[in-house]
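Spelled out from the first residue to the last, the chains are:
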Amino acid sequence: MKNYLGSGRSGPAAWFFQRVSGLALAVILLLHFFVLHFLTTGPLTYQTVMARLAHPWWKTVDILFVVLGVIHAAGGLNLLIDDYVHRPGRRSIL
């Protein structure tokens, strides 16, 4: 009988990266939420966002947040395809 609950073809490095990037995304999200909702005084306007993005630290954090989110999502999709699509033709198309 064939196991359709996941074949584990992706390997431990991809599994570990998903866990590490998910943890990093959670930390960056909490930092982002705390800064925007507790440290920002007054309403959130375009000017306050631009003032925050004028600092290289915040620009780096925000770019890292977006890039890491895209890589995490693409890696998750790849893991799902590798684990649950069993026909080689369908896997290469996806």
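Source: prediction; values computed, not measured. The numbering scheme is per chain: residues are counted from 1 as the chain's sequence reads. Side-chain atom pairs in this predicted model are given and counted only at pLDDT of 80 or more, local residue features only at pLDDT of at least 70, and totals for whole chains, interfaces and linings cover all residues. To get the side-chain values, all heavy atoms of the structure are used, and hydrogens and water are removed first.

Student: Quick question: what am I supposed to make of the overall build of the protein here?
Tutor: Secondary structure elements follow DSSP: runs of H or I of four or more residues count as helices, runs of E of two or more count as strands, with numbering from the N terminus. Within the protein one finds four helices and zero strands. Ordered by position from the N terminus, the helices and strands of the protein form the series α-α-α-α. Partly exposed describes any residue whose relative accessible area lies between the buried limit of under 20% and the exposed limit of over 50%, with all areas from a 1.4 Å probe on protein chains only and scaled to the type maximum. Here the protein holds 94 residues, and 20% of them are scored as buried. At a minimum sequence separation of 6, the contacts of the protein that also span at least 24 residues come to 75%. Note on contacts: a residue pair is in contact if any heavy atoms of the two residues lie within 4.5 Å.

Student: Please explain the packing of aromatic side chains as it appears in this structure.
Tutor: Paired rings are identified among Phe, Tyr and Trp, the last through its six-membered ring, by centres lying within 6.5 Å, and are further divided according to the angle between planes into stacked (under 30 degrees), edge-to-face (over 60) and tilted (the rest). All chains considered together, the criterion is met by three aromatic pairs. On the numbers, 5.6 Å between centres and 40° between planes, the contact of Phe34 with Phe38 is tilted. With Phe34 and Phe38 both in helix H1 (residues 12-39) and four residues apart, the pair spans about one turn of that helix. A relative accessible area of 42% means that Phe34 is categorised as partly exposed. Each residue in the set Phe33, Phe34 and Phe38 is aromatic and connected to the rest through ring pairs, giving one cluster. Only lysine NZ and arginine CZ atoms are considered, and such an atom sits over a ring when it is within 6 Å of the ring centre and within 35 degrees of the ring normal. Over the face of the ring belonging to Trp58 we find Arg52, whose NZ or CZ atom lies 5.5 Å from the ring centre.

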